[in-house]
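Residue-level listing of the chains:
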Amino acid sequence: MIENYVVTTTPVVGIKTVTATAAEIFAGASALSGRKLLAIKNTDHALRIRFGSNAISQTSGHILEPLATVEIPFETLVPVPIYAISEGASVTVEVWESK
């Protein structure tokens, strides 16, 4: 986890399907307002996903390897959407957001 990070409310967790079309990634029905941390775990054993801005594609964006987790810290006053896309078939990810 992020150094000096303290959870101040109950986190929102969810399972999402990442497809070959870029889409915003969040744990619940929408991004948690004021979130401080977004964690994404790629649960697939073979396929990578990519994440980043809405300009990502199956060949551009930051790579999340199979079974890897990424933690993205946020400035709570600045909402920033994060998008994800699969490099191939649909991939299940676990998502965790907290304040």
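Our subject is the structure that appears above.
Note that the structure is predicted; figures quoted are calculated from it, not measured. (Residues numbered from 1 in each chain as written. Predicted model: local features only at pLDDT ≥ 70, side-chain atom pairs only at ≥ 80, totals over all residues. Heavy atoms only, no water.)

1. A look at the environment of Pro 81
Put simply, the rule reads: Runs of H or I in DSSP of at least four residues are treated as helices and runs of E of at least two as strands, each being numbered from the N terminus. Accessible area is worked out with a 1.4 Å probe on protein chains only. A residue is then buried under 20% of its type maximum, exposed over 50%, and partly exposed in between. In what follows, a contact means two residues having at least one pair of non-hydrogen atoms within 4.5 Å.
Inspection of the secondary structure puts Pro 81 in the loop between strand E6 (69–73) and strand E7 (83–86). Judged by relative accessible area, which is 37%, Pro 81 ranks as partly exposed. Taking C-alpha positions, Pro 81 is 21 Å from Thr 43, a pair spaced 38 residues apart along the chain. Beyond its immediate chain neighbours, meaning those up to four positions away, Pro 81 contacts Glu 24, Arg 35 and Gly 52.

2. A short note on the packing of aromatic side chains
Note the following rule: Here the aromatic set is Phe, Tyr and Trp, taking the six-membered ring for Trp, and pairing holds for ring centres within 6.5 Å; pairs whose planes are under 30 degrees apart are stacked, those over 60 apart are edge-to-face, and all others are tilted. Put simply, a charge is over a ring when the Lys NZ or the Arg CZ is close to the ring centre, within 6 Å, and near the line of the ring normal, within 35 degrees.
All chains considered together, the criterion is met by zero aromatic pairs. Arg 35 extends its terminal NZ or CZ atom over the ring of Phe 74, reaching a point 4.3 Å from the ring centre.

3. Some remarks on unusual backbone geometry
Its identity as a non-glycine residue notwithstanding, Leu 67 has a phi of 65°, on the positive side. With respect to the secondary-structure elements, Leu 67 resides in the loop between strand E5 (62–64) and E6.

4. Notes on the nonpolar core
Operational definition: As used in this record, nonpolar core signifies buried Ala, Val, Leu, Ile, Met, Phe, Trp, Tyr and Cys residues forming a set joined through side-chain atoms within 4.5 Å.
Counting 16 residues, the largest nonpolar core has Ile 25, Leu 38, Ile 40, Ile 49, Ile 72, Ile 82 and Val 93 as its most contacted members. For this core, the leading source of residues is strand E8 (residues 91–98), giving three residues. Apart from residues no more than four positions distant in its own chain, Val 93 is found in contact with Gly 14, Ile 15, Lys 16, Val 18, Ile 25, Ile 40, Lys 41, Asn 42, Thr 43 and Ile 49.

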